[in-house]
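Overview (structure and organization)
Here's the letter readout for the chains.
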Amino acid sequence: MLTSKNDISIRSLENTEKDFNLLLKWLSNEKVTEHSWNENLPWTIGKVREEFSTDDETNKCIILYKGEEAGYIQYYPIEKDSYKFESEKDFEALKDAYGFDMFIGVPELWGKGIAKNTLLLLEEYLYKEKGVRKFTSDPEISNKNGLVFWQKAGFKPFSEVEAYDNPEEKSLIMVKEMEKKTLIFNGSPRKNGDTKSLLNILANNLEGEIKTVDCYFENISPCLDCRYCHKNKGCCIKDNMQEIYKYIEECDSIVIASPVYFSEVTGKLLAVMSRLQCYFTASRFLKDPHIHQA
Ligand SMILES: Cc1cc2nc3c(=O)[nH]c(=O)nc-3n(C[C@H](O)[C@H](O)[C@H](O)COP(=O)(O)O)c2cc1C
């Protein structure tokens, strides 16, 4: 399984008759091919095999909803020939992006948010595994529902191009860019002190989202060395740190800022930092492969 969250899982398409027959069943439904995947109609097992054989740059995947196969998604690094770009500049702007194409093959499952949640899951996966933060799609202009779907999924219009498989049609390249996220631990008790002034300068020069933890004013207990984390993932103390753990896992950078108190960071900051012990134990005792020891 490539990745999985709540009801949605994504697995790689296998080069097998079982998967090709599944795709053929879905693509033989005219509701599914009403606005896209219709350039090869009527689909046959031969055409499916040719289109979806797994030995090219495109990563082809099956979407599962509650464990049942529900649809198809493919993702690929944007190359010059991924879209009929009208200028080199347009390609340059997207060359670090990944493109998506997808369909939900079972119309009874439409309207349950499966497509949107699949995209969110794959975006998160590509960000974590490959550092990708820019994504594209190219619905045909005539596909009004498609345009609304991609817009609701956070994609913004980028440029109109000739549709990939249909010179009669226009497509709209749409782009979604994930913001950078920075987490700041502020160890000063002074709301307008020296540390805060420096952090303000930093914030004015940072792009994206910033979350600041003012250690003196948060409900965060120090680590109590209960050793829960020696055997379990995470920390059992239910306070504001639980939210911060989530942010630590999704942010790009962490800044630790503190006045010097007796040649050390401040006590409150150190108390908050002691709650990061669960990452040390996850690596040392639980052998969590996602945590790299320095
Ligand atoms: C309890 C206490 C201990 C301090 N210890 C040191 C120290 O060891 N070395 C030092 O250079 N400054 C020390 N300072 C001075 C602070 O680091 C300095 O005033 C700092 O700029 C305050 O930052 P803030 O305005 O962001 O709170 C200490 C201040 C306090 C209140």
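Residues numbered from 1 in each chain as written. Predicted model: local features only at pLDDT ≥ 70, side-chain atom pairs only at ≥ 80, totals over all residues. Heavy atoms only, no water.

**A look at the domain arrangement of the protein**
Worth spelling out the cut-off: An automatic or database domain assignment is the source of the domain bounds shown.
Per the domain assignment, the segments making up the protein are domain 1 (3–177) and domain 2 (181–284). Each of domain 1 and domain 2 has a C-alpha centre, and these two points are 39 Å apart.

**Some remarks on the packing of helix α1 (residues 17–27) against helix α2 (residues 45–52)**
The criterion, for reference: The axes are straight lines fitted to the C-alpha atoms, using for helices just the contacting stretch, and the angles between their N-to-C directions are given from 0 to 180°. The secondary structure listing takes helices from DSSP runs of H or I that are at least 4 residues long and strands from runs of E that are at least 2 residues long, numbered from the N terminus. Should an angle fall under 35 degrees it is taken as roughly parallel, and over 145 as roughly antiparallel, whereas 65 to 115 is taken as roughly perpendicular and any remaining angle as oblique. By definition, any crossing whose near helix is turned counterclockwise from its far helix by less than a right angle is left-handed, and any crossing with a clockwise turn is right-handed. Two residues form a contact once any of their heavy atoms are found within 4.5 Å. Any residue that is not Ala, Val, Leu, Ile, Met, Phe, Trp, Tyr, Cys, Pro, Asp, Glu, Lys or Arg is counted as polar, Gly included; the first ten are nonpolar and the last four charged.
Look at α1 against α2: their axes get within 9 Å of each other, and the N-to-C directions meet at 110 degrees. Taken together, the axes of α1 and α2 lie roughly perpendicular to each other. When the axes of α1 and α2 are compared, the crossing they make is right-handed. The residues of α2 that touch α1, namely those facing E17, F20, N21, L23, L24 and L27, are I45, V48, R49 and F52. For the contact of α1 with α2, the residue count by class is seven nonpolar, one polar and two charged.

**Thoughts on the site of the ligand**
Using the following cut-off: Proximity is defined per residue: if any heavy atom of the residue lies within 4 Å of a molecule or strand, that residue is considered near it. Residues adjacent in sequence count toward polar contacts only when both atoms are side-chain atoms; beyond that, a polar contact is any pair of N or O atoms within 3.5 Å, and within protein one must be able to donate a hydrogen and the other to accept it. Using a 1.4 Å probe, accessible areas were evaluated by the Shrake-Rupley method; residue-level cover was limited to the displayed protein chains.
Lining the immediate environment of the ligand, one finds S188, R190, G193, D194, T195, P259, V260, Y261, F262 and S263. F262 places a polar main-chain atom, nitrogen or oxygen, 2.8 Å from a nitrogen atom of the ligand. One of the backbone nitrogen or oxygen atoms of S263 is found 2.9 Å away from an oxygen atom of the ligand. Taking 650 Å² as the accessible area of the ligand by itself, protein coverage stands at 57%. Looking at the shell around the ligand residue by residue, the classes come out as four nonpolar, four polar and two charged.

**Section: the sheet that holds strand β11 (residues 253–257)**
Paired through their backbone hydrogen bonds, the strands of a sheet run either parallel or antiparallel. The cut-off we apply is this: Between any two strands, at least two bridges found by DSSP are needed for them to pair.
Here we have three strands laid out as an open sheet, ordered β10-β9-β11, and parallel in their pairing. Looking at the sheet topology across the chains shown, the edges are occupied by β10 (209–214) and β11. Neighbour-to-neighbour, the strand axes of this sheet turn through a mean angle of 20 degrees, independent of strand direction. As judged from the six bridges shared by strand β9 (residues 181–186) and β10, these two strands associate in the parallel manner. If you follow K181 over to β10, its bridge partner there is E209. Running at roughly 175 degrees to β9, helix α6 (residues 194–204) makes contact with β9, β10 and β11 of the sheet.

**Considerations on the pattern of salt bridges**
Rules: Counted as salt bridges are all cases of a side-chain nitrogen of Lys or Arg within 4 Å of a carboxyl oxygen of Asp or Glu.
Evaluation of the coordinates by the stated rule reveals 19 salt bridges. Among the ionic pairs, D239 bridges to R275, the shortest N-O distance being 2.7 Å. Residue D239 is located in the loop between α7 (228–231) and α8 (241–250), and its partner R275 is located in the loop between α9 (267–274) and α10 (277–284); the two are separated by 36 residues in the primary sequence. The residue K246 makes a salt bridge to E243 at a minimum N-O spacing of 3.1 Å. Taken together, the positions of K246 and E243, both in helix α8 and three residues apart, correspond to about one turn of that helix. A network of salt bridges, in which partner residues are shared, links R11, K18, D19 and E69.

**Digging into unusual backbone geometry**
The test is simple: The rule is simple: take the accessible area with a 1.4 Å probe, protein chains only, and divide by the maximum for that residue type; under 20% is buried, over 50% is exposed, in between is partly exposed.
Here the amide bond leading from L41 into P42 is cis, since omega sits at -15 degrees, within 30 degrees of zero. Inspection of the secondary structure puts P42 in the loop between α1 and α2. Phi at F262 takes a positive value of approximately 50 degrees, unusual for a residue other than glycine. Within the secondary structure, F262 sits in the loop between β11 and α9. The class of F262 is exposed, set by a relative accessible area of 84%. Positive phi, close to 60 degrees, is recorded for S263, a residue that is not glycine. Relative to the helices and strands, S263 is located in the loop between β11 and α9.

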